There are 2 protein chains.
Amino acid sequence: MRKSIATVSVSGTLTEKLEAIAAAGFDGVEIFENDLLACPLSPEEVRARAADLGLTIDLYQPFRDFEAVPPDVLAGNLRRAEHKFLMMERLGADLLLVCSNVSPAAVADDELAAEQLRLLAERAAEHGIRVAYEALAWGRHVNEYLHAWRVVRLADHPSLGTCLDSFHILSRGSDPIGIEAIPGEKIFFLQLADAPQLAMDVLQWSRHYRCFPGQGTFDLAGLVASVRRTGYAGPLSLEVFNDVFRQASAKRTALDGMRSLIALEQSLTGVTHPAAPAGFAFAELADTGALGGVLAALGFARTGTHSTKPVELWEQGDARLLLNTTGADPALIALGMDSPDPAGAAKHAESLLSPVLPRERAYEEAELEAVAAPDGTEIFFCDDAWLTDFAPTGPVPGAVTAIDHVALTQPWHYFDEAALFYRNVLGLQPQESLDLPDPYGLLRSKAMSGPDSGVRMVVNIAQVGVGNLPWQHVALACDDVVAVARRLRREHPGLLMPIPGNYYDDLEARQEVDPELRHLGVLYDRDERGGEFLQLYTVTVGRVFFEIVQRTGGYDGYGARNAPIRLAVQHARGH
Amino acid sequence: MRKSIATVSVSGTLTEKLEAIAAAGFDGVEIFENDLLACPLSPEEVRARAADLGLTIDLYQPFRDFEAVPPDVLAGNLRRAEHKFLMMERLGADLLLVCSNVSPAAVADDELAAEQLRLLAERAAEHGIRVAYEALAWGRHVNEYLHAWRVVRLADHPSLGTCLDSFHILSRGSDPIGIEAIPGEKIFFLQLADAPQLAMDVLQWSRHYRCFPGQGTFDLAGLVASVRRTGYAGPLSLEVFNDVFRQASAKRTALDGMRSLIALEQSLTGVTHPAAPAGFAFAELADTGALGGVLAALGFARTGTHSTKPVELWEQGDARLLLNTTGADPALIALGMDSPDPAGAAKHAESLLSPVLPRERAYEEAELEAVAAPDGTEIFFCDDAWLTDFAPTGPVPGAVTAIDHVALTQPWHYFDEAALFYRNVLGLQPQESLDLPDPYGLLRSKAMSGPDSGVRMVVNIAQVGVGNLPWQHVALACDDVVAVARRLRREHPGLLMPIPGNYYDDLEARQEVDPELRHLGVLYDRDERGGEFLQLYTVTVGRVFFEIVQRTGGYDGYGARNAPIRLAVQHARGH
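Everything numeric here is computed off the predicted structure, so don't read it as measured data. (Residues numbered from 1 in each chain as written. Chains lettered and ligands numbered in written order. Predicted model: local features only at pLDDT ≥ 70, side-chain atom pairs only at ≥ 80, totals over all residues. Heavy atoms only, no water.)

Draft legend 1. Inspection of the pairing of strand β2 (residues 28-32) of chain A at higher detail. Residue and element names in this part refer to chain A. Taken across its five residues, β2 has five buried, putting it largely inside the fold. Here β2 shows no split at all, with G28, E30 and F32 on one side and V29 and I31 on the other all buried. Alignment of strand β1 (residues 3-6) against β2, held across three bridges, turns out to be parallel. Across the sheet, I5 pairs through a bridge with V29, a residue of β2. Running through helix α1 (residues 14-23), the crossover from β1 to the neighbouring parallel element β2 is right-handed. Two elements, β2 and strand β3 (residues 56-63), share five bridges in a ladder whose sense is parallel. Counterpart to V29 in the pairing with β3 is I57. (Buried < 20%, exposed > 50% of the residue type's maximum accessible area, 1.4 Å probe, protein only. Helix = DSSP H or I, 4+ residues; strand = E, 2+ residues; numbered from the N terminus. Pairing = 2+ DSSP bridges. Right-handed = clockwise from strand over helix to strand, strands pointing away.)

Draft legend 2. Structural view of the UniProt feature "binding site: a divalent metal cation" (unreviewed entry) in chain A. Residue and element names in this part refer to chain A. When the UniProt feature table is mapped to this numbering, "binding site: a divalent metal cation" (unreviewed entry) covers E134, D165, Q191 and E239. A compact arrangement is adopted by the annotated residues: their sequence extent is 106 residues, whereas the largest C-alpha distance between any two is 13.3 Å. According to the relative accessible area criterion, E134 is buried, its value standing at 2%. Excluding residues within four positions of it along the chain, E134 makes contact with L97, V98, C99, S100, A148, C163, L164, D165, H168 and Q191. (UniProt positions renumbered as here; feature names shortened; annotations may be inferred. Contact = heavy atoms within 4.5 Å.)

Draft legend 3. Structural context of the pairing of strand β6 (residues 160-165) of chain B. All names here are of chain B. Burial analysis of β6 places six of its six residues in the buried class, the great majority of the element. Where strand β5 (residues 130-134) meets β6, three bridges bridge the pair, whose relative direction is parallel. Its bridge partner being in β6, A132 is matched across the sheet by G161. As for the winding sense of the linkage, the β-α-β connection from β5 through helix α6 (residues 145-155) to β6 is right-handed.

Draft legend 4. Fine view of the side chain of E312 of chain A. All names here are of chain A. Take E312: it is sitting in strand β11 (residues 311-316). At a separation of 3.2 Å, a polar atom in the side chain of E312 contacts the side chain of R302. A distance of 2.8 Å separates the side chain of E312 from the side chain of W314, its partner in a polar contact. When near neighbours in sequence (up to four residues on either side) are disregarded, E312 contacts R302, G304, T305, L321, L322, L323, T325 and F390. (Polar contact = N/O pair within 3.5 Å; in protein donor to acceptor, adjacent residues only side chain to side chain.)

Draft legend 5. Geometry of helix α12 (residues 342-351) of chain B. All names here are of chain B. Of all the residues in α12, the buried ones are P342, A345, A346, H348 and A349. One face of α12 carries all of its buried residues, which in axial projection span an arc of 160 degrees. Looking at the buried side of α12, the elements it contacts are α10 (250-268), β14 (369-372), β15 (378-382) and α13 (415-424). Of the residues one or two after α12, L353 is the one with positive phi, at around 70 degrees. (Arc of directions from axis to C-beta.)

Draft legend 6. A look at the packing of helix α5 (residues 110-126) of chain A against helix α6 (residues 145-155) of chain A. All names here are of chain A. The interhelical angle for the contact between α5 and α6, taken along N-to-C directions, is 60 degrees, at an axis separation of 8 Å. Between α5 and α6, the angle is such that the two are oblique. Crossing handedness for the pair α5 and α6: right-handed. Contacts between α5 and α6 pair D110, E111, A113, A114, L117 and R118 from the former with H147, R150, V151, L154 and A155 from the latter. (Axes fitted to C-alpha atoms, helices over the stretch in contact; angles between N-to-C directions. Parallel < 35°, antiparallel > 145°, perpendicular 65-115°, else oblique. Left-handed = near helix turned anticlockwise from the far one by under 90°.)

Draft legend 7. View of the packing of aromatic side chains. All chains considered together, the criterion is met by 26 aromatic pairs over all chains. Relative to F545 of chain A, the ring of Y537 of chain A has its centre 5.8 Å away and its plane inclined at 65 degrees; by these criteria the two rings are edge-to-face. The pair formed by Y537 of chain A and F545 of chain A is uniform in burial state, with each residue classed as buried. Through pairs of rings, three or more aromatic residues link up here, namely F282, F380, W386 and F390 of chain A. The ring of Y414 of chain A has R252 of chain A sitting right over it, with the charged end atom 3.6 Å from the ring centre. Above the plane of the ring of F63 of chain B lies R80 of chain B, whose end atom (NZ or CZ) is 4.5 Å from the centre. (Phe/Tyr/Trp six-rings, centres within 6.5 Å; stacked < 30°, edge-to-face > 60°. Lys NZ or Arg CZ within 6 Å of the ring centre and 35° of its normal.)

Draft legend 8. Representation of the interface of chain A and chain B within the structure. Contacts between chain A and chain B engage 51 residues on the former and 51 residues on the latter. Counting across the interface, chain A meets chain B through six salt bridges. In this structure, R79 of chain B and E512 of chain A form a salt bridge, with 3.6 Å as the shortest nitrogen-oxygen distance. The leading source of residues in the side of chain A that touches chain B is helix α15 (residues 501-510) of chain A, at seven residues. Here the residues of the side of chain A that touches chain B sort into 23 nonpolar, 13 polar and 15 charged. (Salt bridge = Lys/Arg side-chain N within 4 Å of Asp/Glu carboxyl O. Nonpolar A, V, L, I, M, F, W, Y, C, P; charged D, E, K, R; others polar.)

Draft legend 9. Expanded view of the sheet that holds strand β3 (residues 56-63) of chain B. Residues and elements named next belong to chain B. As summarised here, the arrangement of the eight strands in space is β1-β2-β3-β4-β5-β6-β7-β8, forming a closed barrel in which the pairing is parallel. Neighbour to neighbour, the strand axes of the sheet diverge by 30 degrees on average, direction disregarded. Of the strands in this sheet, β1 (3-6) and β2 (28-32) are in contact with helix α1 (residues 14-23), which crosses β2 at around 160 degrees. This element, α6, spans β5 and β6 of the sheet and lies at about 170 degrees to β6.

Draft legend 10. Structural detail: the pattern of salt bridges. In this structure the tally under the stated criterion is 56 salt bridges over all chains. The partner of R90 of chain A in a salt bridge is E44 of chain A, with the nearest N and O atoms 2.8 Å apart. Of this pair, R90 of chain A sits in helix α4 (residues 71-91) while E44 of chain A sits in helix α3 (residues 43-52); the two residues are 46 residues apart in sequence, bridging distant segments of the chain. Its relative accessible area of 37% is what places E44 of chain A among the partly exposed residues. When the shortest N-O distance is used, the salt bridge between K84 of chain B and E33 of chain B registers 3.1 Å. Residue K84 of chain B is found in helix α4 (residues 71-91), and its partner E33 of chain B is found in helix α2 (residues 33-37); the two are separated by 51 residues along the sequence. As far as the burial class goes, K84 of chain B and E33 of chain B line up, both buried. Three or more residues joined by partner-sharing salt bridges are found here, namely E44 and R90 of chain A together with D505, E508 and R518 of chain B.

Draft legend 11. The UniProt feature "binding site: Mg(2+)" (unreviewed entry) in chain A, seen in detail. Residues and elements named next belong to chain A. Within this numbering scheme, the UniProt entry marks H405, H473 and E547 as carrying the feature "binding site: Mg(2+)" (unreviewed entry). A maximum C-alpha distance of 9.4 Å among these annotated residues, which run over 143 residues, shows that they cluster at one spot. By relative accessible area, which is 2% here, H405 ends up buried. In this view, H405 contacts F280, R456, M457, V458, H473, V474, A475, E547, R551 and Y558; residues no more than four positions away in its chain are not counted. A polar contact of 2.6 Å, which involves the side chain of H405, links it to the side chain of D404. The topology assignment puts H473 in strand β20 (residues 472-478). For H473, a relative accessible area of 6% gives the class buried. Setting aside anything within four residues of it in sequence, one finds H473 in contact with L332, H405, V406, A407, F545, E547 and R566.

This is how it looks when you write it as structure tokens:
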């Protein structure tokens, strides 16, 4: 299907918006009126610019507060419409979005609304223009999409159809299956936006918190499937009002919008996704020499060195960490995914516009397919072949059994982009999204996991002022955190993060716990079904720290209750 | 009255919070539980630290989900309470806040709630501790302050009283006059928070958008007056959950909280405020030489030079601008306020903790009283004496009659602080608060004005990404913008900001306007009562530009509809 986007969805001047939209590969645009009004180019010049960029102008929007009004108001509204029709002819736009009236002057009279919209459509037709009538979720009388369709059918004019907007439909909880009652040729346009579930006034929700399909919680695939059943042949068009996107790079936002539409289309057309990764093949850390000692203390052993690159392999159980000693400060720089079909996974990532990373290859090196995540982390799709480059010495038994999860910190403009990337490219399912108190702000945190929780990731953004340090960490699974803690307290007492006694006073007030947890600095959480979680943190080294975790009873979280304690200690220690 | 603040209201570690709170002059604190849990100091150490700082610990909070529960839950809750009582003894806190139960386990049974709270109070009394029961606005069964009081009276224990929280009372629209039904000695504590009117879930509103008294729209003076009538003798205590305050400087936030309480107290105790300024005595701009030419083109003449400082006086009508040629880039650096009682105004500002500016004085110079606004702008309180330092040559007639308003851009962490400053220190009344679309974000804008609109100010914060430039401007009033525009287009065509033709296409679609506006680049707005506003902008010079405005028919706004056009042009021109 053709793909469009409203200019309001990305930042910048109208010219910058059009360039970013074209660069992302969209076929067309909706011109948002305010973007045109503020633009120094004439409508003819905008038309030429769009054409040069290969973009059609699919919609001009919005035209407000037109229908169901007293005669004197109607006269002014028609005058206003005539001006807009003339401008649209100059712009080369032949479809006008009319939003349902929100004015107190509007009358609750479908016959009157239909009569006046028919009049508008007649005038539009004289200019070769069609009118798409849309129910705003906060329209004064018409605020349900089926009500807008009722009015359009009553008006019965070939130049009048309806425009469907997923936000207006799904934010009200309306069932989109009713769309199938509308003949496809009377659906003149389809606007798509997703949104997180927020308990707020729908107008504010719509104006500030819309996001791209797959970034929120609406079932857009279901809605679009209903639209396709009608025979609708117009574009899928993104119309997203989002305070963060307004401030972000237009090129990057447009590209992410395109990625969201491609993923949506894939889900509709039955494109088979490659299987999600079964686990982490490795996590790669930049290192200047400090991390090897930490890993050794944690029970890892260096089992190999890359045949051509300054990269060491450290292993314990099924946990494999690479230390890249090229000199960068400690940071999590790459993740290897155990992939049943690395080439297919990389091709899928590429189909979703993920930047494929060039990779220097040497004789005998494994061919690793890698793409860049939004924050620049390199994601490798691996089978077992990659290990041969390291010629590992053999298994290292130990308390640590595997990588439990990794936590990455995202640039705050791109939190939604990261969530979409990990969901669509890696096939992870988003779980809890939380605001965690930090001494200097809030940490927004979203957990995601793959099938059987083989891959767990947490992406964080820090909305903090003073002392904003983007920590990243690797959490290692083990079956007996207490034993690990005992050994580390004895052998490497400086390695573990000190946990305040007050934390344990509170924990012991809430429930009976092993008093040794306090002595060892092990944190504890319990879920509603009795699942338990034990956590042990190392101090930070550069941007990085390690966590040792133990899950029992099906505990599926990440100890969110304890995160503020950890953050406060890290800040207080100046890390 | 004694003044306290909850530690959750400011940023940082508990130690940093206590230091900032003491530095701001508070008498006591509420210790917010999470702040203690994350603190490496023991309760005894926190107690000593607070004592060293001269702070009493007035409340420990919150204790949740205690009352109206089945017997097995009660046993666990009492166990939890005993742990907290022991900790409070170590902390030296003798008042515990108990919030009304929000758990699904709670039963709608006032008798049961009262019985269990009486039991809790008995246990507390054994530790010398009292319990203050508060109705959360989202409490499961008890969510009205009078309901909490009903339960407390039913329980009838000397160690049990109620805690009133202005947010929980006023966010629900409850009438605070009912507070007068409660005996003062049964009000154990009073928490104060203001909030802007927001259409959202009350829990989110409370957790993220509370602000200090005077920064929102609640009638806190009325509520506190009712509390005082009961004979309540405890502290006024601020408890503010605010996402911005969380990220701001603790010292600055605490000081602003104190300012808000002083202003609240002044309004209650009948402190006579000095009269608000009648108008602008002057606006002072830093200049490197570029602004004189702009002012001359606008019809200003240089009428004097300061006797000892490198400052020029430029006049036209009653508009007086000072150019400070000390070499800083163009920026608005000071405002002179026509004050009927400069000394009294300065003393009032000082009572509200405004930093009084040291001022080098020379023989014969007028004694100007000045304080610093939150963004560093110097605010002078003046009578006519200041002019003598410039020995002005005499009046300069011209089209410009006065300063209409000034617009300042605030650091975004301190928008609420600025609003409070201009409201309390200058006596301006806040008016519209708007989110204006900017090509790269949103501009949050709040207008304020004094009696008879003699002083009008707009404070803006830019929530923008790329190209964030904090423009400031001086708007000059005149009686005939069109005549001014004609002359400037003829004589100084490069001085005026070009306005897109598309803006006029839209304006003319909406209403009949003089076609010359398009030719001249004059912007137009009309209010609902027919008042009209004409605006003409100069190009920017450094951070500064000028606006010429004409108000007719009682127009009282600032052309908000046109601001996005202006912002887009400024961004497009790279200014």
